[in-house]
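Structural characterization, general
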Amino acid sequence: MNMEPHWSSGSPSSSVIILLLAHTWLFPAASPQRLPTDPQAAPEYAHSIRLDGDIILGGLFPVHSRGDRGTPCGELKKEKGIHRLEAMMFAIDLINKDPELLPNITLGARILDTCSRDTYALEQSLTFVQALIERDGSDVRCANGDPPIFTKPDKIVGVIGAASSSVSIMVANILRLFKIPQISYASTAPELSDNSRYDFFSRVVPPDSYQAQAMMDIVTAMGWNYVSTLASEGNYGESGVEAFIQISRETGGVCIAQSLKIPREPRSGEFDKIIRRLLETSNARAIIMFANEDDIRRVLDAAKRNNQTGHFLWVGSDSWGSKISPVIGQERVAEGAITILPKRASVDAFDRYFRSRSLSNNRRNVWFAEFWEENFNCKLGMHGRRPGILKKCTGLEKVGRDSNYEQEGKVQFVMDAVYAMAHALHRMHRELCYGYPGLCPRMANNIDGKELLSYIRAVKFNGSASTPVMFNENGDAPGRYDIFQYQITNRSTAEYRVIGSWTNKLHLKVEAMRWRTGDPSLPASVCSMPCRTGERKKVVKGVPCCWHCERCEGYHYQASEFTCELCPYEMRPDANRTGCVPIPIIKLEWHSPWAVVPVFISMLGIIATSFVIVTFVRYNDTPIVRASGREMSYVLLTGIFLCYAITFLMIATPDVGVCSLRRIFLGLGMCFSYAALLTKTNRIHRIFEQGKKSVTAPRFISPASQLVITFSLISVQLLGVFVWFAADPPHTVVDYGEQRTQDPMAARGVLKCDISDLSLICSLGYSILLMVTCTVYAIKTRGVPETFNEAKPIGFTMYTTCIIWLAFIPIFFGTSQSAERMYIQTTTLTISLSLSASVSLGMLYMPKVYIILFHPEQNIPKRKRSFKAIVTAATMSGKLTQKGGDRPNGEVKTELCESMETNTSSTKTTYVSYSNHAI
């Protein structure tokens with residue numbers, strides 16, 4: 001009869017009572033005098049072991065695996081079943097022999113097989129609460145009419161087990177109703193830490209919340225951020241995965257690609273389907289497994305069938321640990337698996353004990369004969385459980401000699417659980433029965449489970465492997481784990497090797513790890529590969545571990561893993577775009593071609609100007625120099641010299657001094673030149689305009705007057721410069737916008753004086769105004785005969801100068817957006833100034849120097865004439881020139897003309913200085 005119970009956290013519900021009564025009615029307890037080896041007791045004890053004692057402990061062990069559909073139990077589990085239950089009996093034997101622990105008190109046991117199934121384990125565990133239920137026999141009569149005689153069942157004071165978390169949860173729910181303490185040796189589900197629901201449950205192994213944290217630390221240390229989880233259906237698998245996922249959410253950095261569940265009753269092909277689903281996210285190679293060993297074995301087998309050997313990186317929980325059974329026959333697909341197991345040590349005394357077990361000395365274990373057949377691959381008699389085996393067991397076989405033997409990993413914890421119960425009972429006995437040998441009435445009649453629980457939670461001792469055993473307020477043991485890796489050595493032998501440990505912190509020996517590929521580098525399990533330096537992560541929405549890498553472009557640098565930021569204006573990204581560096585600052589260098597050409601022209605101009613000045617000074621009193629107007633010539637030559645010299649200031653390294661001199665002399669040279677030329681042309685114009693009206697000389701045509709007028713015009717330029725100085729003191733700036741190219745590596749900052757284009761135009765504007773005005777006067781005086789004045793050379797000079805500056809304007813401003821702006825504009829400006837100076841020098845002074853040096857015979861004094869004679873001759877010459885234009889062939893034959901030709905036969909050009917005549 002298999003009835004599913006339902007209960008709450010309070011007192012037992014009616015359904016539980018009915019279930020218990022049905023179980024009691026169906027399986028009445030036998031007399032305690034019967035041994036489990038009695039054939040008549042076989043139906044009762046076929047799935048249990050009973051050891052007599054003063055105090056009886058219950059035991060729950062997965063002696064058999066889960067059976068196929070319809071069958072509760074399957075194959076025998078040699079290690080997880082037989083080793084563990086033998087460890088409990090061995091611990092009880094040691095305690096009973098220990099004179100210091102529970103003296104004069106004998107421990108007994110009632111050990112049941114859970115068959116790795118929670119519902120079956122619940123049904124079996126009802127045996128533990130039979131003694132707490134009173135039987136009503138009033139309606140029951142024997143066949144002869146006599147009332148029935150009931151044998152009182154053993155009272156269980158505490159339970160050791162179970163192994164599986166799902167079984168422990170199922171059993172804990174009923175044991176807490178009857179206040180029976182329970183200590184598990186293998187259940188690690190975090191759910192069992194809930195002291196409000198499982199208040200009578202304790203365990204000597206750490207909960208999966210610690211295990212999940214340890215596994216998360218392993219994943220993080222391996223550099224994996226994209227993993228899948230795989231859990232067996234049930235509390236152990238589901239709660240373990242849930243704890244892992246919760247930690248991943250809290251800590252961040254690890255994303256769950258898929259979270260799959262293995263059904264309790266998997267259908268055919270279920271594991272192949274799981275492998276195919278895991279391959280849907282093939283980048284998530286790491287598989288976090290919280291599964292029982294049967295499911296682990298079948299998952300590995302499915303991966304092998306689907307040719308995925310070496311693809312998956314298995315990370316197994318303590319249910320895998322260092323067990324051999326999940327990896328037998330599939331070593332290659334399991335190679336490299338990282339597993340975790342509560343820190344343990346082998347108990348040597350148990351090894352000696354178990355190796356000494358035989359069919360003759362271990363009759364108390366009802367499953368030992370089945371183990372014997374399984375372990376030695378033989379059959380015991382006609383009724384053996386292995387009908388297909390022909391080999392018969394002799395009974396002389398020896399464990400460890402005729403078969404492989406390795407102590408199962410939880411043996412230590414089984415013994416620790418039994419000893420924890422014994423230490424709690426010992427302390428309880430010492431306080432309740434002080435000085436009383438054996439059990440005193442207070443403990444003999446009824447051991448209060450709640451009181452016993454308080455003693456259990458207070459125990460602290462060194463366990464069977466000399467490791468501390470203690471419990472926190474929730475009944476959990478501290479977290480201590482060994483970390484293993486399943487490795488295949490060069491000799492093709494497979495084994496689990498310890499590669500680290502975890503005690504609240506991970507200690508991993510990465511150098512001890514081995515991988516199937518033989519590559520010492522760690523394999524990857526990431527959604528996206530790390531971005532290169534200078535690239536930011538653009539996270540895929542909803543999947544923080546998956547991203548696209550985007551290069552930080554332009555003047556942006558990688559400020560963080562996910563952001564690019566703009567460098568400050570005066571900086572640019574470094575080579576790998578992880579920071580900003582100052583933009584290199586440049587200036588026009590002397591060796592640059594942009595500077596060499598202007599400097600060369602300026603040097604030639606300065607040499608030529610100096611030569612002219614020296615010549616004029618040397619021949620200062622000669623007619624040609626005097627006729628040129630010595631004072632004004634020196635002013636003009638000074639302006640020409642300054643126009644050449646400004647080139648050196650424009651190319652020199654900018655500083656406050658250089659910038660100040662640039663402001664002063666940039667327009668000053670042109671101002672000197674054109675102020676002098678304007679004064680000359682204006683004087684000529686006024687003289688001949690006045691001559692048309694009267695013979696009286698115009699005012700202010702003396703050399704002193706001319707100098708005053710010239711320097712008055714120059715003073716306006718200087719006044720403007722001084723105002724500029726006051727309004728905006730000169731200083732240097734670094735212009736980062738001029739050569740701010742699209743490629744930051746080509747960007748440069750230009751060191752320059754703080755002279756804007758507008759300021760430059762204003763500085764040159766006044767000089768240009770003088771130049772234009774001078775050109776206007778040159779046009780007005782174009783009709784004056786060149787025989788008498790310099791009007792025409794001045795006119796040609798001004799026309800050429802205007803052409804130069806008209807060409808300068810589009811070149812200068814048209815290149816304002818060019819990356820070579822500084823070079824082009826500086827070169828254009830300096831060459832324009834030098835050309836202007838060269839035109840003035842060449843047209844106005846080179847002919848004079850030529851005559852002075854090569855035709856000195858023409859540089860002799862001439863007859864002085866009055867202002868009236870000069871004006872009359874100039875006027876008549878103008879009229880004759882006009883009439884000659886009206887006659888055929890332009891011929892004019894007059895006495896005046898002939899007289900003039902006669903008078904000028906000795907010289908082609910007569911230089912007249914108006915300052916040499918009386919006014």
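Bear in mind that the values here come from a model prediction, so they are computed numbers and not experimental data.

Cut-offs used in this document
Residues numbered from 1 in each chain as written. Predicted model: local features only at pLDDT ≥ 70, side-chain atom pairs only at ≥ 80, totals over all residues. Heavy atoms only, no water. Helix = DSSP H or I, 4+ residues; strand = E, 2+ residues; numbered from the N terminus. Buried < 20%, exposed > 50% of the residue type's maximum accessible area, 1.4 Å probe, protein only. Contact = heavy atoms within 4.5 Å. Areas by Shrake-Rupley, 256 points an atom, 1.4 Å probe, with all protein chains shown as cover. Lys, Arg positive; Asp, Glu negative; His and termini not counted. Salt bridge = Lys/Arg side-chain N within 4 Å of Asp/Glu carboxyl O. Core = buried A, V, L, I, M, F, W, Y, C linked by side-chain atoms within 4.5 Å. Disulfide = S-S within 2.5 Å. Pairing = 2+ DSSP bridges. Axes fitted to C-alpha atoms, helices over the stretch in contact; angles between N-to-C directions. Left-handed = near helix turned anticlockwise from the far one by under 90°. Nonpolar A, V, L, I, M, F, W, Y, C, P; charged D, E, K, R; others polar. Expected span 1.5 Å × (residues − 1). Arc of directions from axis to C-beta. Phe/Tyr/Trp six-rings, centres within 6.5 Å; stacked < 30°, edge-to-face > 60°. Patch = residues over 30% accessible without salt bridge, like charges linked within 9 Å, V, L, I, M, F, W, Y side chains within 5 Å. UniProt positions renumbered as here; feature names shortened; annotations may be inferred. Right-handed = clockwise from strand over helix to strand, strands pointing away.

Next up on the list: the overall build of the protein. In terms of helices and strands, the protein carries 27 helices and 27 strands. The buried share of the protein, reckoned over its 919 residues, is 51%. Across the protein, the fraction of contacts at a sequence separation of at least 24, relative to all contacts at a separation of at least 6, is 68%. Working note: accessible area of the protein is about 43,000 Å², and carbon and sulfur atoms make up 55% of it.

Before going further, it helps to spend a moment on unusual backbone geometry. In this structure, the amide linkage connecting Gly-161 to the following residue, Ala-162, adopts the cis form with an omega of 5°. Examined against the element boundaries, Ala-162 turns out to sit in the loop between strand E6 (156-160) and helix H5 (165-175). The backbone of Asn-104 sits at a positive phi, close to 65°, despite the residue not being glycine. With respect to the secondary-structure elements, Asn-104 resides in the loop between helix H3 (78-97) and strand E5 (107-113).

Before going further, it helps to examine the side chain of Glu-86. Along the polypeptide, Glu-86 turns up in helix H3. We note that Glu-86 is buried and unpaired, the nearest opposite charge coming from Arg-364 at a distance of 4.9 Å. When neighbours within four sequence positions are excluded, Glu-86 is seen to be in contact with Phe-350, Tyr-353, Phe-354, Arg-357, Asn-362, Asn-365 and Phe-368.

Met-88, Leu-425 and Met-443 are the most contacted members of the largest nonpolar core, which has 69 residues in total. Considering each element in turn, this core owes the most residues, 14 residues, to helix H13 (residues 411-432). For Met-88, the contacting residues outside a window of four places in its chain are Leu-57, Gly-58, Gly-59, Phe-61, Ala-109, Ile-111, Ile-160, Val-414 and Val-418. Membership of the second largest hydrophobic core comes to 50 residues, among which are Val-612, Phe-616, Leu-649 and Phe-672.

Scanning the entire structure with this criterion turns up nine disulfides. Note that Cys-255 is cross-linked by a disulfide to Cys-545, the S-S spacing being 2.1 Å. One disulfide, between Cys-255 and Cys-545, carries an S-S torsion of 85° and so falls in the right-handed class. Of the two residues, Cys-255 is situated in strand E10 (residues 255-262) and Cys-545 in strand E20 (residues 543-551); the sequence distance between them amounts to 290 residues. The same class applies to Cys-255 as to Cys-545, namely buried. Between the sulfur atoms of Cys-567 and its disulfide mate Cys-580 the distance is 2.0 Å. As the torsion about the S-S bond is roughly -85°, the Cys-567-Cys-580 disulfide counts as left-handed. With Cys-567 in the loop between strand E22 (564-566) and strand E23 (571-573) and Cys-580 in strand E24 (residues 580-582), the pair connects residues that are 13 residues apart, well separated along the chain. Note on Cys-567: relative accessible area 3%, which makes it buried. Cys-802 provides the cysteine sulfur closest to Cys-774, a residue in no disulfide bond, and the two sulfurs are 8.8 Å apart.

Once that is clear, we can look at the sheet that holds E10. The strand order across the open sheet built from eight strands is E10-E9-E11-E12-E13-E16-E17-E18, with neighbouring strands paired in mixed fashion. Each of the sheet's edge strands pairs with one partner strand only, and the pair in question is E10 and strand E18 (506-508). Across the sheet, the mean angle separating the axes of adjacent strands is 25° when strand polarity is ignored. With three bridges joining them, strand E17 (residues 494-502) and E18 adopt antiparallel strand pairing. Bridge pairing in E18 places Ser-501 opposite His-507.

Once that is clear, we can look at the packing of helix H4 (residues 118-125) against H5. Interhelical geometry of H4 versus H5 gives an angle of 35° and a closest axis separation of 8 Å. Both H4 and H5 take part in a crossing whose hand is right-handed. Counted together, Asp-118, Ala-121, Leu-122 and Ser-125 of H4 and Ser-166, Val-167, Met-170, Val-171 and Ile-174 of H5 form the full contact between these two elements. Broken down by class, the residue content of the contact of H4 with H5 amounts to six nonpolar, two polar and one charged.

Helix length check: helix H16 (residues 593-618) (26 residues) gives 37 Å between terminal C-alpha atoms against 38 Å at 1.5 Å per residue, within 8%. Burial in H16 covers these residues: Ala-595, Pro-598, Val-599, Ser-602, Gly-605, Ile-606, Ala-608, Thr-609, Val-612, Thr-615 and Phe-616. Where the residues of H16 are buried, they touch helix H17 (623-627), helix H18 (630-651), helix H24 (821-844) and helix H25 (846-854).

This part covers H25. Listing the buried residues of H25 in full gives Lys-848, Val-849, Ile-851 and Ile-852. One side of H25 carries all its buried residues, which in axial view fall inside an arc of 165°. Of the surrounding secondary structure, the elements contacted by the buried residues of H25 are H16, H17 and H24.

Before going further, it helps to spend a moment on the packing of aromatic side chains. A complete count under the given rule lists 22 aromatic pairs for this structure. Look at Tyr-569 and Tyr-736: their rings are 6.4 Å apart centre to centre, the planes differ by 80°, and that puts the pair in the edge-to-face class. Remark: Tyr-736 occurs in strand E26 (residues 732-739) and Tyr-569 occurs in the loop between E22 and E23; sequence separation between them is 167 residues. The class of Tyr-736 is buried, set by a relative accessible area of 15%. Aromatic pair Tyr-850 and Phe-854: ring centres 5.3 Å apart, planes at 40°, arrangement tilted. Taken together, the positions of Tyr-850 and Phe-854, both in helix H25 and four residues apart, correspond to about one turn of that helix. Residue classification places Phe-854 among the exposed residues on the basis of a relative accessible area of 57%.

This brings us to a nonpolar patch on the surface. There is a patch of nonpolar side chains on the surface, built from Phe-611, Tyr-850, Leu-853 and Phe-854 and spanning about 420 Å² of accessible area. At three residues, H25 tops the list of elements feeding residues into the nonpolar patch.

Taken as a whole, this structure holds 28 salt bridges when the rule is applied. Taking the shortest distance from any N to any O, the salt bridge between Asp-295 and Arg-298 comes out at 3.0 Å. Placement of the pair is Asp-295 and Arg-298 together in helix H9 (residues 293-305), with a separation of three residues, close to one helical turn. Taking the relative accessible area as the measure of exposure, Asp-295 reaches 2% and is therefore buried.

Time to look at the sheet that holds strand E2 (residues 55-61). Here six strands make up an open sheet; going across it, the order is E1-E5-E2-E6-E7-E8 and the pairing mixed. Edge positions in the sheet fall to strand E1 (48-51) and strand E8 (201-203), since each has one partner strand and no second. Each strand of the sheet is rotated relative to its neighbour by a mean of 20°, with strand direction disregarded. The pairing of E2 with E5 spans seven bridges and is parallel. Bridge pairing in E5 links Phe-61 to Asp-113. Contacts from H3 reach E1, E2, E5 and E6, with the element oriented near 175° to E5. Those strands touched by H13 are E2, E5, E6 and strand E7 (182-184), and its axis lies near 155° from that of E6.

Feature annotation in UniProt places "transmembrane region" (unreviewed entry) on residues 594-614, 634-654, 660-679, 700-727, 758-779, 791-813 and 833-855, given in this structure's numbering. As annotated, residues 634-654 comprises 86% helix and 0% strand, and the C-alpha atoms at either end are separated by 30 Å. The straight-line gap between the two end C-alpha atoms of residues 758-779 is 30 Å; of that span, 100% is helix and 0% is strand.

Our next topic: the pairing of E10. Note: strand E9 (residues 226-232) against E10, six bridges, orientation parallel. Looking at the pairing, Leu-230 lines up with Leu-260 of E10. Between the parallel pair E9 and E10, the chain is carried across by helix H7 (residues 235-251), and the sense of this crossover is right-handed.

A few words now on the pairing of E9. In terms of residue burial, E9 counts as a mostly covered element, since seven of its seven residues are buried. Residues Tyr-226, Ser-228, Leu-230 and Ser-232 line one face of E9 and the alternating positions Val-227, Thr-229 and Ala-231 line the opposite face, and both faces are buried. Across five bridges, E9 lies against strand E11 (residues 286-290) in parallel orientation. Each residue of the ladder has a partner; that of Ser-228, found in E11, is Ile-287.

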